[in-house]
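Descriptive analysis of the structure
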Amino acid sequence: MERFFDKLGFLGLTMMGVGVIGTRFIFVVDGGERAVIFNKFKGLQDKVYGEGMHFKIPMVYVPRYFEIRSRPRLINSSTGTKDLQTVDLTLRILFRPKEEKINWILNNVGADYDDKVLPSIGNEVLKSVVA
């Protein structure tokens, strides 16, 4: 009976070790997200991964996650009218990235694209409409 429990304990430890090591070879993309793989030797890969579990090589592939749900952003702007009045406006923008452009966004703008692009475009459009 003692040999049975020894073998059972060994089997349990073996399965736990395989599970811990095996989870290093997968990455999970949640609902409302997309992922792009950054290969440390070749750079950013072209494929965009959807929801689910995907294979990766540990320490070589690093997944970069993007939220593709529509998100709001508030932009405050102070602008002048034709009759030299000052107007304070708040613009609420709903935005989300296009899935096929995630690679381009990450390469050219960065992961914090919403902080870089939206305020400048929002202020420009808002001032042109008010003026």
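Quick summary incoming for the structure in this document. Computed from a prediction, not measured in an experiment: that's the story for all the values here.

**Re the environment of Asn123**
Topologically, Asn123 is positioned in helix α3 (residues 113-130). Each C-alpha atom of the pair Asn123 and Arg71 lies 18 Å from the other, and the pair is 52 residues apart in sequence. Other than its neighbours up to four places away in sequence, Asn123 contacts Ile75, Asn76 and Ser77.

**A closer look at a nonpolar patch on the surface**
Side chains of Ile21, Phe25, Ile26, Val28, Met53, Phe55 and Ile57 sit close together on the surface and give an oily, nonpolar patch of about 660 Å² of accessible area. For the nonpolar patch, the elements supplying multiple residues, two or more each, are β1 (26-29) and β4 (52-55). Classification of Phe55 as exposed rests on a relative accessible area of 55%.

**Focus: the nonpolar core**
Ranked by size, the top nonpolar core spans 13 residues in total, and within it Phe66, Phe95, Ile102 and Tyr113 carry the most contacts. At the level of elements, β7 (86-95), α2 (102-108) and α3 are the ones that each hand at least two residues to this core. Ranked by residue count, the leading element in this core is α2, at three residues. The residues contacting Phe66, other than those within four sequence positions of it, are Gly32, Glu33, Arg34, Ile102, Ile105, Leu106, Ala111 and Tyr113. If you look at the next biggest cluster of nonpolar residues, it comprises seven residues, including Phe27, Val29, Tyr49 and Tyr61.

**Digging into the pairing of strand β6 (residues 71-80)**
Alignment of β6 against β7, held across 10 bridges, turns out to be antiparallel. Note on β7: the bridge partner recorded for Asn76 is Thr90.

**Here we look at the side chain of His54**
Relative to the elements of secondary structure, His54 occurs in strand β4. Given a relative accessible area of 18%, His54 falls into the buried group. In contact with His54, not counting residues within four places along its chain, are Phe25, Ile26, Phe27, Val29 and Tyr49.

Criteria and thresholds
- Residues numbered from 1 in each chain as written.
- Predicted model: local features only at pLDDT ≥ 70, side-chain atom pairs only at ≥ 80, totals over all residues.
- Heavy atoms only, no water.
- Helix = DSSP H or I, 4+ residues; strand = E, 2+ residues; numbered from the N terminus.
- Contact = heavy atoms within 4.5 Å.
- Patch = residues over 30% accessible without salt bridge, like charges linked within 9 Å, V, L, I, M, F, W, Y side chains within 5 Å.
- Areas by Shrake-Rupley, 256 points an atom, 1.4 Å probe, with all protein chains shown as cover.
- Salt bridge = Lys/Arg side-chain N within 4 Å of Asp/Glu carboxyl O.
- Buried < 20%, exposed > 50% of the residue type's maximum accessible area, 1.4 Å probe, protein only.
- Core = buried A, V, L, I, M, F, W, Y, C linked by side-chain atoms within 4.5 Å.
- Pairing = 2+ DSSP bridges.

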